[in-house]
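The residues making up each chain are set out below.
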Amino acid sequence: MSTENLPQSPEQPPRKPRVAVVFGGRSSEHGISVVTAGAVLKAIDRTKYDVLPIGITQDGRWALTADEPERMAIVDRRPPSVDALAESAEGGVVLPVDPANREVVYSEPGSVPKALGEVDVVFPVLHGPYGEDGTLQGLLELSGVPYVGSGVLASAVGQDKEYMKRVFTSFGLKVGPYVVIRPREWERDEAAARKKIVDFAGEHGWPLFVKPSRAGSSIGITKVEDLSGLDEAIAEAQRHDPKILVEAALRGREIECGVLEFEDGPRASVPAEIPPPQAQAYYDFEAKYIDSTPGIVPAPLTPGETAEVQRLAVDAFEAASCEGLVRADFFLTDDGDFVINEINTMPGFTPISMYPQMWQASGVSYPELIDRLVEAALRRRTGLR
């Protein structure tokens, strides 16, 4: 479905496509999603699109929010929230679960529901579980509403680091050593599960990175230098996800590359390098969003290395059946190999995020990037494809 094919009356000028920007959500990345939404709302072309901001609170309520991007910023090191932006503490927004009806309805207790008009495409700038992981994408598929980004399967694969690595391995992409502890393993025999990690450390050495399997923005991740820090790291990861992933540390440089869907297929951006942060042990949440550790764009790579990481980024996009966009994260090891760490199917879109910066350096401005993503979503049909 393209912009020019939207329904219109002969007596009226063509109406603009209506974009619902959905943000916030129930994950620990709620605040960063709000910051991302502020940047998108500020940059989207209002002469081309009508925009409807919809926030999801941390308890899961869909709220009608103010269209005020300036309020969606980190202030005094504190991320914003949907609750502070919601027009009502009780009102809720409902998307239709009917492919023949795209009317969005807003209701408050004791009031007559109010129609907010049809939505032509959803831009879901949610990060983490309950938004980036295929759950929202499934709802939109049921509703028959086009949306920006990957579908149900690719979103789920992109969120679960274990299955992401399994898919990449099956397609011949190199991944680093890892071990997974599932919730049932921990509940059935905690000592055996812990020993599994200790044995892994014995084989691959310290330090280890202990992570929630299904979270992002480096939330819940701990770099563990020795056995004494393991229990605390496990508890921190399990606070965000009962399934945890433990990775061996790789020696090398952190390289990122963006992938964007064009009319003729996915293309890769110039890559970026993430230098080691000065104040943190690794590129964690504080370094990314609070202290704004700058990346190097473009990365200082040889032409051959640049071409290789771009090829691998597109290969990862295709391996996971992604659509729209992806940020692919690699290590360039001391041996000269690119090892893929993970992909993000809805990477950060904040003004300091690496994905927009890489495309800016590739000749695609922030507003054009948003426009290309919305147009790609309008071209794509919902359902099996």
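Residues numbered from 1 in each chain as written. Predicted model: local features only at pLDDT ≥ 70, side-chain atom pairs only at ≥ 80, totals over all residues. Heavy atoms only, no water.

As annotated in an unreviewed UniProt entry, the chain carries the name D-alanine--D-alanine ligase and is attributed to Streptomyces dubilierae. According to the UniProt record, the Function (unreviewed entry) comment for the chain is "Cell wall formation." (UniProt positions renumbered as here; feature names shortened; annotations may be inferred.)

By way of backbone hydrogen bonds, the strands of a sheet pair with one another, either parallel or antiparallel. Here we have three strands laid out as an open sheet, ordered β4-β5-β6, and antiparallel in their pairing. Because the sheet does not close on itself, it has two edges, and the strands there are β4 (92-94) and β6 (114-118). Each strand axis lies, on average, 25° off the axis of its neighbour in the sheet, ignoring direction. Sheet topology places β4 next to strand β5 (residues 103-107); three bridges connect them, and they run antiparallel. Opposite Val93, over in β5, you have Tyr106 as the bridge partner. (Pairing = 2+ DSSP bridges. Helix = DSSP H or I, 4+ residues; strand = E, 2+ residues; numbered from the N terminus. Axes fitted to C-alpha atoms, helices over the stretch in contact; angles between N-to-C directions.)

Relative to each other, helix α7 (residues 190-204) and helix α8 (residues 230-238) sit at 115°, their axes nearing to 12 Å. Pair α7 / α8 crosses with right-handed handedness. In this structure, α7 uses Arg194, Ile197 and Val198 to contact α8, whose residues at the interface are Leu230, Asp231 and Ile234. For the contact of α7 with α8, the per-class residue count stands at four nonpolar, no polar and two charged. (Left-handed = near helix turned anticlockwise from the far one by under 90°. Contact = heavy atoms within 4.5 Å. Nonpolar A, V, L, I, M, F, W, Y, C, P; charged D, E, K, R; others polar.)

This brings us to the environment of Tyr163. Checked against the element boundaries, Tyr163 lands in helix α5 (residues 161-170). On the basis of relative accessible area, Tyr163 is assigned to the partly exposed category, the value being 38%. Taking the C-alpha atoms as reference points, Tyr163 and Ser213, 50 residues apart in sequence, are found 9.4 Å from one another. Beyond its immediate sequence surroundings of up to four residues, Tyr163 is in contact with Val157, Arg182 and Lys243. (Buried < 20%, exposed > 50% of the residue type's maximum accessible area, 1.4 Å probe, protein only.)

Packing of helix α4 (residues 152-159) against α5 leaves a shortest axis separation of 5 Å and a crossing angle of 105°. By the criterion of interaxial angle, the relationship of α4 to α5 is roughly perpendicular. Facing α4, whose interface residues are Val157, Gly158 and Gln159, α5 presents Lys161, Tyr163, Met164 and Val167. Split into classes, the residues belonging to the contact of α4 with α5 amount to four nonpolar, two polar and one charged. (Parallel < 35°, antiparallel > 145°, perpendicular 65-115°, else oblique.)

In terms of burial, strand β9 (residues 208-212) is largely enclosed, as five of its five residues are buried. Of the two faces of β9, the one carrying Leu208, Val210 and Pro212 and the one carrying Phe209 and Lys211 are both buried. Pairing of β9 with strand β10 (residues 222-224), which is carried by three bridges, proceeds in the antiparallel orientation. Bridged to Phe209 within β10 is Lys223. Pairing between β9 and strand β11 (residues 244-248): five bridges, direction antiparallel. Within β11, the position partnered with Lys211 by the bridge is Leu245.

So, about the pattern of salt bridges. Per the counting criterion, the structure on display carries 33 salt bridges. Among the ionic contacts, a cluster of salt bridges with common partners joins Glu141, Glu261, Glu323, Arg380 and Arg385. (Salt bridge = Lys/Arg side-chain N within 4 Å of Asp/Glu carboxyl O.)

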